[in-house]
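An overview of the molecular structure
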Amino acid sequence: MATSSSQTLRTPFLKTPSLNSKLPLYSAFSVAIHPTRRSVKPLVVVVSAAALGGKPTVLVAEKLGDAGIELLKEFANVDCAYNLSPEELCTKISLCDALIVRSGTKVSREVFESSAGRLKVVGRAGVGIDNVDLAAATEHGCLVVNAPTANTVAAAEHGIALLTAMARNVAQADASVKAGKWQRNKYVGVSVVGKTLAVMGFGKVGSEVARRAKGLGMHVIAHDPYAPSDRARAIGVDLVSFDEALATADFISLHMPLTPATSKILNDETFAKMKKGVRIVNVARGGVIDEEALVRALDAGIVAQAALDVFTQEPPPKDSKLVQHERVTVTPHLGASTMEAQEGVAIEVAEAVVGALKGELAATAVNAPMVPAEVLTELKPYVELAEKLGRLAVQLVAGGSGMKTVKVTYASARGPDDLDTRLLRAMIIKGLIEPISSVFVNLVNADFTAKQRGLKITEERINLDGSPESPLDFIQVQIANVESRFASSISEYGEIKVEGRVKDGIPHLTKVGSFDVDVTLEGSIILCRQVDQPGMIGTVGSILGEENVNVNFMSVGRIAPRKQAVMAIGVDDQPSKEALKKIGDVPAIEEFVFLKL
Ligand SMILES: NC(=O)c1ccc[n+]([C@@H]2O[C@H](COP(=O)([O-])OP(=O)(O)OC[C@H]3O[C@@H](n4cnc5c(N)ncnc54)[C@H](O)[C@@H]3O)[C@@H](O)[C@H]2O)c1
Ligand SMILES: O=C(O)[C@H](O)COP(=O)(O)O
C-alpha cells in the first residue's frame, strides 16, 4: 500500500474565525441545566432557527400563567388563542414556530403535517404528554418539551385532598347540606390512620403522595417496576409487586403515566384481585382505569369509593354513570391547578420553548436523547466536524449510484463508556442527508430520517493508546458500494472515505481516500488530483486570485514525490463555473471536484 505525506500551507492573510461564528444556526447549541432536577441531565437540542431571521411566533393554545407569557414576549410574537377547534389549530399552526398547550389540546399528526415544517417545538405546560403525538413530532423533526417538575406538589396535594375528602364523604355531605339536608348518619366516613395505601407509580408525584400519606399515619407500599429501591427506602416505603399491592391495599392511589402498558391497568380482572372495600384515587390519567369496569366494581362492592380527577374523555359525558355514581368524588382535572403550580409550569415551559427556538439545549426535551453537559462542551468542535464530514462524503457520491451503507469510525483513547457518540452520529446523518433532500435533520429526527431513507449507519471504534485528553483523535466517514465524482476519494477498500480531526478547536479534513490532506473545514473545498510537480499551488492559486476567490487553506497530499497528489484548497467564496473550468483545464490536473460545506 502506498503511503502518503502531506504539506500544509496556511495563507498568512487569513484570520481564523471563532468557532461559534462559523456554527450554522441550525446546529447551534449550548448547555442548559434544570436547577430543580434531582439528577441534572441536560438534553441537546439541535433545532432549526429558520424563524430567527425575524421574531418567531409562539401559539399559546391554552391558558398559561402570566410570567410565562411575559417571558415568551421578550423573544417572540405571542398569539394566545384558546379553545381552537382541531381544524382551526391546523390552519393557524402553519404560521407558528412553537406551540404551547396543556392537557386540553390534542396535538395530532395532522397538526405536524399542517405546519409544513415550520413548527419547531411543542411545549407542554405540565407533565403528561399523552395528548401529543410524539412519533409524529419526531418524524417532523419537532422537539417536544414539557414542564415536568413545577406541578408535582400540586398534584400530590390534590391526591391527598381527594383521598381524605373521599374517606370523609366531604363532597357528598357538602352537596347534601346545600340541598337543605342534615344527614349525619349517612356520611360516617373511614379513618386513614393505620390503613395501607398502595402508591402505583412511584415517580415524582407518587413519592410526594407517599411522603404526605406517611405523615397521616398510613402504612405506605408502592408498586413501580422502574423505581429505585433506595428512593423508596429513604421515604420508608416498601416496593411490592403489582398483585401484592392490589391484594393488601385499603387505598390505591394511581400515579403512573398513560402508556400502552398502563392503559386500563385497572380492569375487571385486576379489580377482582383487590381487597373488598378498597378505595381508589386517580390523579394520573383517566385511561389507566377501565371506567366501565370501575362502575361494575363499585356496584359489586369490591370498590367502596373512588375519587377521580381525570377521565378517559375530558370532559366526561354528562350522563357518565361513573361521574354520577353516589360513591364517586370527581374534580375537573384540577391536579395541577394551583396558582403556584401554574406560574411554575408557565415559566418552566416558556424557558424551554425560548431556549429551543434559539437552538439551545432543553433540559426537558422528551423526544431527544440526553447528552450530559460536560460531554457536550467537549464534543462541540467534533459536532461541527461530524456534520461537515457527512456533507463532504455525500457530495463525493456520483449521481445515480445511491447511498445505502455508511460506516462511521471514531478513533479515541477514551474508554468505550467515556464517549457518547449519539450527537456525532446525528450530525453526520444531518450532513449526509440535508445536501440531497429538502428534509430538515436535527438531533430529534436524525435516526428516524436515516432509517426512513433506507440508510444504514454502522459505527465502529478504534481504541487508541495514549493520553485521553481530547475525546477523539479522528472521525472517519465511509460510504460503501457507490461510485465517486472524485475517484481519488475511493479508499483501497473501494469505499468513499473522508477523515477529519479537530486541531486547535477547528475541524480539519485530514484524509481523502488514501491521500493525506490538511484543510480547515470552513467555506468550501476544491479537491484536485494532479501529477505532483512544482508550480501547481501557484497555478491554481492564481486562477482563484484572478476571480477574487479567497483561499483560506491549501495542502497537498502525495503518494510519493513527482507521483500523484491530491491538492485540497479551502475557499471562502464559490468560484465561478469559468474559474472551475480553468482549473480543470490545467494539463497536470487529472480530476477535480468542488464541494460546498
Ligand atoms: N391530575 C393532574 O393534574 C396531574 C398533574 C401532574 C401529573 N399528572 C399525571 O400524574 C402521573 C405521574 O406524574 P409524575 O410527574 O409523577 O411522573 P413521573 O414520570 O415522575 O412518574 C411516573 C412513574 O410511573 C412509573 N411507571 C411507569 N410504568 C408503570 C407501571 N406499569 N406500573 C407502575 N409504575 C409505572 C414510572 O417508573 C415513574 O416512576 C402522570 O400520568 C402525569 O400525567 C396529573
Ligand atoms: O400532566 C399534567 O401535568 C397534568 O395532568 C396537568 O394537566 P393540565 O396542565 O392540563 O392541568
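Residues numbered from 1 in each chain as written. Chains lettered and ligands numbered in written order. Predicted model: local features only at pLDDT ≥ 70, side-chain atom pairs only at ≥ 80, totals over all residues. Heavy atoms only, no water.

Details of helix α19 (residues 577-585)
Defined as follows: The classification of residues rests on relative accessible area computed with a 1.4 Å probe and restricted to protein chains. Under 20% of the type maximum is buried, over 50% is exposed, and intermediate values are partly exposed. Secondary structure counts use DSSP, requiring at least four H or I residues in a row for a helix and at least two E residues in a row for a strand, with both numbered from the N terminus. Note that the arc is computed from the directions linking the helix axis to the C-beta atoms.
If you check which residues of α19 are buried, you get Ala-579, Leu-580 and Ile-583. Buried residues of α19 fall within an arc of 100 degrees about the axis and therefore sit on the same side. Across α19 from its buried face, at more than 90 degrees, point the exposed residues Lys-577, Glu-578 and Lys-581.

Quick word on the site of ligand 1
Definition in use: Note on definitions. A residue lies near a molecule or strand when any single heavy atom of the residue is within 4 Å of it. For this analysis, a polar contact is any N or O atom pair within 3.5 Å, provided that within protein one partner can donate a hydrogen and the other can accept it, and provided that sequence-adjacent residues contribute only side-chain to side-chain pairs. Throughout, the ten residues Ala, Val, Leu, Ile, Met, Phe, Trp, Tyr, Cys and Pro are labelled nonpolar, Asp, Glu, Lys and Arg are labelled charged, and all others, Gly among them, are labelled polar.
As a matter of local geometry, ligand 1 sits amid 25 residues, with Lys-204, Val-205, Asp-224, Val-283 and Asp-309 nearest to it. For ligand 1, an oxygen atom lies 3.3 Å from a polar atom in the backbone of Gly-335. A distance of 3.1 Å separates an oxygen atom of ligand 1 from a polar atom in the backbone of Ala-336. Of the residues that constitute the shell around ligand 1, the class distribution is twelve nonpolar, nine polar and four charged.

Here we look at the confidence of the model for the chain
Fine structural detail should not be taken from predicted coordinates in areas where pLDDT scores are low. As a reminder, the rule being used: Along the chain, pLDDT gives the predictor's confidence residue by residue, from 0 to 100.
Averaged over all residues, the pLDDT of the chain is 86; the fraction at 70 or higher stands at 88%. As a predicted assembly, this complex carries a pTM of 0.71 together with an ipTM value of 0.99.

A short note on the sheet that holds strand β13 (residues 328-330)
The test is simple: In this description, strands pair whenever DSSP reports at least two bridges between them.
With parallel pairing, the seven strands of this open sheet are ordered in space as β9-β8-β7-β10-β11-β12-β13. Each end of this open sheet is capped by a strand with a single partner; those strands are β9 (238-239) and β13.

Examining the environment of Lys-63
To keep it simple, the criterion reads: We call two residues in contact whenever any of their non-hydrogen atoms come within 4.5 Å of each other.
Tracing the chain through its elements places Lys-63 in the loop between β2 (57-60) and α2 (66-73). Placed 521 residues apart in sequence, Lys-63 and Gly-584 show a C-alpha to C-alpha distance of 63 Å. Among residues more than four places away in sequence, those in contact with Lys-63 are Tyr-82 and Arg-102.

A word on the side chain of Gln-478
With respect to the element layout, Gln-478 can be found in strand β16 (residues 474-480). Overall, the relative accessible area of 7% leaves Gln-478 in the buried class. Within the local environment of Gln-478, its side chain forms a polar contact with the side chain of Glu-495, the two groups lying 2.7 Å apart. Ignoring sequence-local partners within four residues, the contact set of Gln-478 consists of Thr-405, Val-406, Lys-407, Thr-409, Glu-495, Ile-496 and Lys-497.

Structural notes on unusual backbone geometry
For the bond running from Glu-314 to Pro-315, omega is -10 degrees, close enough to zero to count as cis. With respect to the element layout, Pro-315 can be found in the loop between β12 (303-308) and α13 (321-324). Even without a glycine there, the phi angle at Lys-264 is positive, about 50 degrees. Examined against the element boundaries, Lys-264 turns out to sit in the loop between β10 (251-254) and α11 (268-271).

A few points about the packing of α2 against helix α14 (residues 339-357)
What counts is decided by this rule: Between the N-to-C directions of two axes lies an angle of 0 to 180 degrees, each axis being a line fitted to C-alpha atoms and, for a helix, fitted only over the stretch in contact. Orientation categories follow fixed angle ranges, with anything under 35 degrees roughly parallel, anything over 145 roughly antiparallel, 65 to 115 roughly perpendicular, and all other angles oblique. Helix crossings are classified by the rotation of the near helix relative to the far one: an anticlockwise turn of less than a right angle makes the crossing left-handed, while a clockwise turn makes it right-handed.
Relative to each other, α2 and α14 sit at 20 degrees, their axes nearing to 7 Å. As the angle between them shows, α2 and α14 are arranged roughly parallel. Of the two elements, α2 crosses α14, and the hand of that crossing is right-handed. Residues Asp-66, Ala-67, Gly-68, Leu-71 and Leu-72 of α2 lie in contact with α14, whose contacting residues are Glu-343, Ala-346, Ile-347, Ala-350, Glu-351, Val-353 and Val-354. The class makeup of the residues in the contact of α2 with α14 is eight nonpolar, one polar and three charged.

Looking at a negative patch on the surface
Put simply, the rule reads: Exposure above 30% relative accessible area and the absence of a salt bridge qualify a residue for a patch, where like charges join within 9 Å and nonpolar side chains (Val, Leu, Ile, Met, Phe, Trp, Tyr) within 5 Å. A 1.4 Å probe and the Shrake-Rupley method give the accessible areas. Residues count as covered only by the protein chains that appear here. One side-chain nitrogen of Lys or Arg within 4 Å of one carboxyl oxygen of Asp or Glu is enough to make a salt bridge. The charge count includes Lys and Arg as positive and Asp and Glu as negative, but it does not include His or the ends of the chains. The atom standing in for a charge is NZ when the residue is Lys, CZ when it is Arg, CG when it is Asp and CD when it is Glu.
A surface patch of negative charge is lined by Asp-66, Glu-70, Glu-74 and Glu-343. Its location among the elements puts Glu-74 in the loop between α2 and β3 (77-80). Judged by relative accessible area, Glu-74 falls into the exposed class, the value being 68%.

So, the pairing of strand β19 (residues 515-520)
Across the six residues that make up β19, a large majority, five, are buried. Sheet analysis places strand β18 (residues 506-512) next to β19, joined by four bridges and oriented antiparallel. Among the inter-strand pairings, His-508 is bridged to a residue of β19, identified as Thr-520. Counting the residues that bridge the hairpin from β18 to β19 gives two residues, and of these Gly-513 lies at a positive phi of roughly 55 degrees.

Here's the deal with the nonpolar core
To be explicit about the condition: Here, nonpolar core refers to any group of buried Ala, Val, Leu, Ile, Met, Phe, Trp, Tyr and Cys residues whose side-chain atoms link them within 4.5 Å. Domains are outlined according to an automatic or database domain assignment.
The biggest cluster of nonpolar side chains holds 53 residues, and the ones touching the most others in it are Val-406, Leu-432, Ile-475, Ile-479, Leu-509 and Leu-527. Looking at this core, the element that brings in the most residues is helix α15 (residues 373-396), giving eleven residues. Shared between two domains, this core holds at least three residues of each, these being domain 3 (370-513) and domain 4 (522-596). Apart from residues no more than four positions distant in its own chain, Ile-475 is found in contact with Tyr-382, Leu-385, Ala-386, Leu-389, Val-408, Thr-409, Tyr-410, Ile-428, Val-498, Glu-499 and Gly-500. Core analysis: the second largest hydrophobic core is formed by 30 residues, Ile-289, Leu-298, Ala-306 and Phe-311 among them.

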